[in-house]
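# Structural overview for review
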Amino acid sequence: MVVCLKEPFKVDGSTIRLGASVGIAVAMAGDLSAPRLADELFKSADIALYGAKADGGGNVRVFEQSMLERIHARQSMKQELGGALERGELSLAYQPLLDLDSGRVRGFEALLRWSHTTRGNVSPAEFIPLAEETGLIVEMGDWVLETACRQALLWPEEISVAVNVSAVQFRSDSLPEAVACVLARSGLVPGRLELEITESVLLQDSEHNMRILHALKDLGVGIALDDFGTGFSSLSYLRLFPFDKLKLDRSFVEDIGQSTSSEAIIRAAGEMGRALSMVTTAEGVETAEQLEWLRANGWSQAQGYHIGRPSGAPSVWGMFRD
């Protein structure tokens, strides 16, 4: 069926192309007399269909009990995440940003962490999408922003703090006002705060995006284009908006020394950033060889495990020493 629907067909002279995903549920012989069998089969097939779409679509999935278990686990985590902030389970870890000219730490990126009482440390890759899906990311984002700004007040004045802005937060017209209120309450100089916005956030609604970007810029905070190289619209935004920083995605950095194509892209990105008067930062630096290559090729900053792993606020003081 899926293969048949892939074939184009004509309607009134126009070529129509369709695709399909299929979810299948099978009843065992002993289940045929079970009450509400049709309802249960339909629900199971729908769960399998969800799995087929999640795999990219255009394929067939047969229902397995593990699919239902994953959905239940996801729903349970979603409910528990709702009270994580109130229970004090959320915290911030700070990863250093190294200036490659001076060899000194010039800032930290604030990273959200969730330490669950029974699940242990939950990966951000698991709970951040849930927070965005439920809208909890707005409340969490406000807390992250305020906590990071207040923490930065305890650091030397030349040290900045970077905070990630999610797609959900960025879609809100109230984001600039929220940032302004946090800066006013905390007393942090706007220039010490940097907001990191990923390329994927900018893929839609250009008019709204430009309005929010300029409103944030007017506050005096730094604006970084994060995960550069993973999206599709960033070049046009680099032409239209004066970002303060370009952060290269880690997928390119890990190829240093292994792929001449990736190295050529990194050089080009660095040259473009410098031509546009932006700080250029490479993420995911995990070896001394990668660090030296980036320094030799004119990159401004580096971030990654080789520089320093994310750590709690009390642990970062040692990084301020020369």
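Attention now goes to the packing of helix α7 (residues 175-186) against helix α8 (residues 206-218). Closest axis-to-axis distance for the α7/α8 pair is 9 Å, and the angle between their directions is 15°. Taken together, the axes of α7 and α8 lie roughly parallel to each other. Relative to α8, the crossing made by α7 is right-handed. Between α7 and α8, the contacting residues are Leu-175, Pro-176 and Val-179 on the first element and Ile-212, Ala-215 and Leu-216 on the second. Across the contact of α7 with α8, the residue classes break down as six nonpolar, no polar and no charged.

With that out of the way, let us pick up the layout of surface pockets. Quantified by volume, the largest pocket comes out at close to 1,000 Å³. For the lining of the largest pocket, the secondary structure elements donating two or more residues are β6 (105-116), α4 (124-134), α5 (136-152), β8 (160-165), α6 (167-170), α7, β9 (193-198) and β10 (222-228). Examining the composition of the lining of the largest pocket, we find that six residues originate from one element, α5, more than from any other. Split by residue class, the lining of the largest pocket holds 20 nonpolar, nine polar and 11 charged.

Attention now goes to a nonpolar patch on the surface. A surface patch of nonpolar side chains, amounting to about 420 Å² of accessible area, comprises Ile-24, Val-26, Met-28, Val-60 and Val-62. Along the polypeptide, Val-60 turns up in strand β4 (residues 60-62). Owing to a relative accessible area of 43%, Val-60 belongs among the partly exposed residues under this scheme.

Basis of the calculations
- Residues numbered from 1 in each chain as written.
- Predicted model: local features only at pLDDT ≥ 70, side-chain atom pairs only at ≥ 80, totals over all residues.
- Heavy atoms only, no water.
- Axes fitted to C-alpha atoms, helices over the stretch in contact; angles between N-to-C directions.
- Helix = DSSP H or I, 4+ residues; strand = E, 2+ residues; numbered from the N terminus.
- Parallel < 35°, antiparallel > 145°, perpendicular 65-115°, else oblique.
- Left-handed = near helix turned anticlockwise from the far one by under 90°.
- Contact = heavy atoms within 4.5 Å.
- Nonpolar A, V, L, I, M, F, W, Y, C, P; charged D, E, K, R; others polar.
- 1 Å grid on protein atoms, 1.4 Å probe; cavity = no way out; pocket = protein on both sides within 12 Å on 5 of 7 lines; lining within 4 Å.
- Points joined across faces, edges and corners; volume = space filled by probe spheres on them.
- Patch = residues over 30% accessible without salt bridge, like charges linked within 9 Å, V, L, I, M, F, W, Y side chains within 5 Å.
- Areas by Shrake-Rupley, 256 points an atom, 1.4 Å probe, with all protein chains shown as cover.
- Salt bridge = Lys/Arg side-chain N within 4 Å of Asp/Glu carboxyl O.
- Buried < 20%, exposed > 50% of the residue type's maximum accessible area, 1.4 Å probe, protein only.

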